[in-house]
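Structural description and commentary
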Amino acid sequence: MFKNMIVYRIAPQWSVELTQVEEALAKAPFMECGATQEKSLGWVPPRGDAHGPLAESVGGQWILRFMVESKVLPGSVLARKVKEKAERIEQETGRKPGKKESKELKDEAKLDLLPMAFTKQGSMWVWIDTASRLLVLDTSSQGRADEVVTLLVESLPGLSVSLINTETSPQAAMSHWLKEQEPPVGFTVDRECELKSANEEKAVVRYARHPLDIEEVQAHIDAGKLPTKLALTWDDRVSFMLTEGLQIKKVSFLDTVFEGTKADDGGFDTDVAIATGELVKLIPDLIEALGGEAESGVASAADAVAATAAVPATTTAAPRTSTPSSPSAPARKTTGGGVVTGPREAPIDTDPGAVPF
């Protein structure tokens, strides 16, 4: 559970009950692809129980599970089918299909092949921490994350989220940690990293199972190569890979996390409690190590709402400690980091196959 993470900040004005989330998700349940349907997506019970609730709460942490199914239709198979249809038309009429007709033949061939195509399924854990205002998606793909976030904000009235953005870019911070051999408090640098040149050559150097406190690594940084990935361990409890885009990959819970638990203590509730219990402390420590959280779009929106309603703020931002940055390191990329805002009212029921993805 939660092997990879993309983390969003939820706007403080969003407040709903778990039952409201359950009702909203029930309007977009997952259903397997129909005979001629290429892709289907929706929500499934997190526990895996048939007809179970679509939103679970474990220790106050809300857990959802997103499922997607798609038909596997190799391009070579589709091209062969289109070619067969085109040759048949040429034999019968003595002419080759034009551009428009060829497109129609491709659509027709796809409909012929989809009922025979194999399907593949994938799922994603979704964690909502209402106390810390975090939305965490168990994926390393920003494209998949965007799909899920879009579905969430369309389903949950008033939901507004933004990618976490830090004062110091992860790339600048990682450069400093490697060059100065000064990891942030509570973290240690492990034995894996990737360095990439910023020039046109895009030269890449990778280290795996190799000590990084060597002059060679520092020389690469001096030569203009910047870290794109760096393995870290937090508090001797969780190991992970930090990327230049502030994605957290290869999350692994170390033995110290499981001290005091029995071998048969597994199960959904235990897995959720262990994972969220560690990660809810790791995430703010990592943000602080990156200089603190920069003002996000959701924070600005929340301030505007609060000012309009004349409601005093209830939280105070913690002081930030900036991490020295590499002078050659670019500012952090925030593609997709804008505010995503949900509707004021719950949408009407829709067929899962009609969800706009």
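To start, this report covers the structure provided alongside it. None of these values were measured; they are calculated from a predicted model.

All right, on to the packing of aromatic side chains then. Two measures describe an aromatic ring pair: the distance that separates the ring centres and the angle between the ring planes. Tallied over the entire structure, the rule returns 4 aromatic pairs. A centroid spacing of 6.2 Å and a plane angle of 45° characterise the contact between tryptophan 125 and phenylalanine 268, whose relative ring orientation is tilted. Pair noted here: tryptophan 125 is in strand E5 (residues 118-129) and phenylalanine 268 is in helix H7 (residues 268-289), with a separation of 143 residues, a long-range link. Residue tryptophan 125 is classed as buried on the basis of its relative accessible area, which comes to 14%. For phenylalanine 268, a relative accessible area of 15% gives the class buried.

Once that is clear, we can look at the side chain of threonine 228. Checked against the element boundaries, threonine 228 lands in strand E10 (residues 225-234). Under the relative-accessibility criterion, threonine 228 is labelled buried at 5%. There is a polar contact of 2.5 Å between the side chain of threonine 228 and the side chain of glutamate 194. For threonine 228, the residues in contact, after removing those within four places along its chain, are Gln171, Met174, Glu194, Lys196, Leu242, Thr243 and Glu244.

A few words on the packing of helix H5 (residues 170-180) against helix H6 (residues 215-222). The contact between H5 and H6 brings their axes to 9 Å, and the two run at 140°. One way to sum up the angle between H5 and H6 is to call them oblique. Note that H5 runs across H6; the crossing there is left-handed. Here Ser175, Leu178 and Lys179 of H5 come into contact with H6, specifically with Val217, Gln218, Ile221 and Asp222. Class assignment of the residues belonging to the contact of H5 with H6 gives a composition of 3 nonpolar, 2 polar and 2 charged.

Here methionine 1 lies in the segment before strand E1 (6-10). As a C-alpha pair, methionine 1 and serine 252 span 251 residues in sequence and 9.7 Å in three-dimensional space. Discounting residues that sit within four places of it in the chain, methionine 1 has contacts with Trp125, Asp138, Phe253, Phe268, Asp271 and Val272.

What follows deals with the pattern of salt bridges. Tallied over the full model, the rule gives 13 salt bridges. In this structure, lysine 110 and glutamate 38 form a salt bridge, with 3.7 Å as the shortest nitrogen-oxygen distance. Separated by 72 residues along the polypeptide, lysine 110 in helix H3 (residues 99-113) and glutamate 38 in the loop between helix H1 (18-25) and strand E2 (39-44) bring together distant segments of the chain. Among the residues examined, lysine 110 registers a relative accessible area of 21% and is labelled partly exposed.

Take the pairing of strand E6 (residues 134-137) next. Residues Leu134 and Val136 point to one face of E6 and Leu135 and Leu137 to the other, with burial holding for every one of them. Pairing geometry for E1 and E6, over 4 bridges, is antiparallel. For isoleucine 6, the partnering residue across the bridge sits in E6 and is leucine 137. Of the strand pairs in this sheet, E5 and E6 are connected by 4 bridges, and their pairing is antiparallel. Paired with isoleucine 128 across the strands is leucine 135, a residue of E6. Counted between consecutive antiparallel strands, the loop separating E5 from E6 contains 4 residues, among which arginine 133 sits at a positive phi close to 55°.

How each quantity is defined
Residues numbered from 1 in each chain as written. Predicted model: local features only at pLDDT ≥ 70, side-chain atom pairs only at ≥ 80, totals over all residues. Heavy atoms only, no water. Phe/Tyr/Trp six-rings, centres within 6.5 Å; stacked < 30°, edge-to-face > 60°. Helix = DSSP H or I, 4+ residues; strand = E, 2+ residues; numbered from the N terminus. Buried < 20%, exposed > 50% of the residue type's maximum accessible area, 1.4 Å probe, protein only. Polar contact = N/O pair within 3.5 Å; in protein donor to acceptor, adjacent residues only side chain to side chain. Contact = heavy atoms within 4.5 Å. Axes fitted to C-alpha atoms, helices over the stretch in contact; angles between N-to-C directions. Parallel < 35°, antiparallel > 145°, perpendicular 65-115°, else oblique. Left-handed = near helix turned anticlockwise from the far one by under 90°. Nonpolar A, V, L, I, M, F, W, Y, C, P; charged D, E, K, R; others polar. Salt bridge = Lys/Arg side-chain N within 4 Å of Asp/Glu carboxyl O. Pairing = 2+ DSSP bridges.

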